[in-house]
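These are the residues of each chain, in order.
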Amino acid sequence: MSDKTFNVLVLCTGNSARSIMAEALFNVLGKGRFRAFSAGSQPTGKVNPFAVERCEAIGYDVSALRSKGWDEFATPNAPKMDFILTVCDQAAGETCPVWPGKPITAHRGFQDPTAFEGNDEKKRALFNKIFRQIMARVSQFVNLPLHALDRNAIQTEMRAIGRQHVEPGE
């Protein structure tokens, strides 16, 4: 199981920023151990340009990034997910599709940087802050010894990572 590539689906409502950044982080920080996707319950149809900037900054190929609905991943032909993570409180409270294979789920809400009203400099600063917060959680997750843990232990670890306090400047 140590050679297994784990599929991760990161969910948010609009799939324009937080879930997009988490997708990129899992794919980069996971170093081939993770294949991440993102989707939304009500996709905006557009990826936020500040999210694209953050993804490019870590060397992620943004050419295929798009805002898409989560139904795309609930079909029989979709990749089987090992993990489903929600990164916004609204998506966590919505009725999700039934995911094939019964993936392990967890929630960690982050502030919505797209809701911020301000100039581009202040928006960019907020996106950088939220990106660092997501990166801290993704780093913890990708470094778990998943090959040595059973399903219950993984669920416990995922939830513990999600419950950790996020410092304002983190």
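These remarks concern the structure in this document.

About the thresholds
- Residues numbered from 1 in each chain as written.
- Predicted model: local features only at pLDDT ≥ 70, side-chain atom pairs only at ≥ 80, totals over all residues.
- Heavy atoms only, no water.
- Core = buried A, V, L, I, M, F, W, Y, C linked by side-chain atoms within 4.5 Å.
- Buried < 20%, exposed > 50% of the residue type's maximum accessible area, 1.4 Å probe, protein only.
- Helix = DSSP H or I, 4+ residues; strand = E, 2+ residues; numbered from the N terminus.
- Contact = heavy atoms within 4.5 Å.
- Salt bridge = Lys/Arg side-chain N within 4 Å of Asp/Glu carboxyl O.
- Expected span 1.5 Å × (residues − 1).
- Polar contact = N/O pair within 3.5 Å; in protein donor to acceptor, adjacent residues only side chain to side chain.
- Phe/Tyr/Trp six-rings, centres within 6.5 Å; stacked < 30°, edge-to-face > 60°.
- Lys NZ or Arg CZ within 6 Å of the ring centre and 35° of its normal.

**Structural notes on the nonpolar core**
Right, on to step 1. The biggest cluster of nonpolar side chains holds 40 residues, and the ones touching the most others in it are Phe26, Phe34 and Phe83.
Right, on to step 2. Tallying contributions element by element places helix H4 (residues 120–142) first for this core, with eight residues.
Right, on to step 3. Look past the residues within four positions of phenylalanine 26 in its chain and what remains in contact with it is Val8, Val10, Phe34, Ala36, Leu85, Val138, Phe141 and Val142.
Right, on to step 4. Counting nine residues, the second largest nonpolar core, distinct from the first, contains Leu9, Phe37, Ala39 and Trp99.

**Section: the pattern of salt bridges**
Right, on to step 1. On inspection of all chains with the given rule, the structure shows four salt bridges.
Right, on to step 2. The closest approach of N and O atoms between aspartate 82 and lysine 4, which form a salt bridge, is 3.3 Å. Remark: lysine 4 occurs in the segment before strand S1 (6–12) and aspartate 82 occurs in the loop between helix H2 (49–57) and strand S3 (83–86); sequence separation between them is 78 residues.
Right, on to step 3. The partly exposed category is assigned to lysine 4, whose relative accessible area is 31%.
Right, on to step 4. Note that glutamate 72 and arginine 66 form a salt bridge whose closest N and O atoms lie 2.6 Å from each other.

**A short note on helix H1 (residues 18–29)**
Right, on to step 1. Taking 1.5 Å of rise per residue, twelve residues should cover 16 Å, and H1 covers 16 Å from first to last C-alpha, within 8% of that figure.
Right, on to step 2. With nine of twelve residues buried, H1 is to be regarded as a mostly interior element.
Right, on to step 3. Every buried residue of H1 is accounted for by Arg18, Ser19, Ile20, Met21, Ala22, Glu23, Ala24, Leu25 and Phe26.
Right, on to step 4. Buried-residue contacts for H1 involve S1, strand S2 (34–40), H2, S3 and H4.

**Structural notes on the environment of cysteine 55**
Right, on to step 1. Locating cysteine 55 in the fold gives a position in helix H2.
Right, on to step 2. A C-alpha to C-alpha distance of 17 Å links cysteine 55 and valine 142, two positions 87 residues apart in sequence.
Right, on to step 3. The contacts of cysteine 55, once residues within four sequence positions are left out, are Ile20, Met21, Ala24, Tyr60, Val62 and Leu65.

**Re H4**
Right, on to step 1. The first and last C-alpha atoms of H4 sit 32 Å apart over 23 residues, in line with the 33 Å expected at 1.5 Å per residue.
Right, on to step 2. Burial in H4 covers these residues: Leu126, Phe127, Ile130, Phe131, Gln133, Ile134, Arg137, Val138, Phe141 and Val142.
Right, on to step 3. Backbone nitrogen of glutamate 121 and a side-chain oxygen of the N-cap are separated by 3.1 Å at the start of H4; the cap is asparagine 119.

**Here we look at the packing of aromatic side chains**
Two numbers describe a pair of aromatic rings. These are the distance of the centres and the angle of the planes.
Right, on to step 1. One pass over the structure, following the stated rule, counts eight aromatic pairs.
Right, on to step 2. Taken together, a centroid distance of 5.7 Å and an interplanar angle of 50 degrees make the contact between phenylalanine 6 and phenylalanine 83 tilted. Remark: phenylalanine 83 occurs in strand S3 and phenylalanine 6 occurs in strand S1; sequence separation between them is 77 residues. Across the pair, phenylalanine 83 and phenylalanine 6 agree in class, each one buried.
Right, on to step 3. Measuring from centroid to centroid gives 5.0 Å for phenylalanine 83 and phenylalanine 141, while their planes differ by 85 degrees, and the two rings are edge-to-face. Here phenylalanine 83 is found in strand S3, whereas its partner phenylalanine 141 is found in helix H4, with 58 residues between them in sequence. Taken as a pair, phenylalanine 83 and phenylalanine 141 share a single burial class, namely buried.
Right, on to step 4. A connected cluster of aromatic rings, assembled from ring pairs, spans Phe6, Phe26, Phe34, Phe83 and Phe141.
Right, on to step 5. Seen from the ring of phenylalanine 131, arginine 54 lies directly overhead, with NZ or CZ sitting 4.9 Å from the centre.

Without other data, these values stay purely geometric and don't point to any function.
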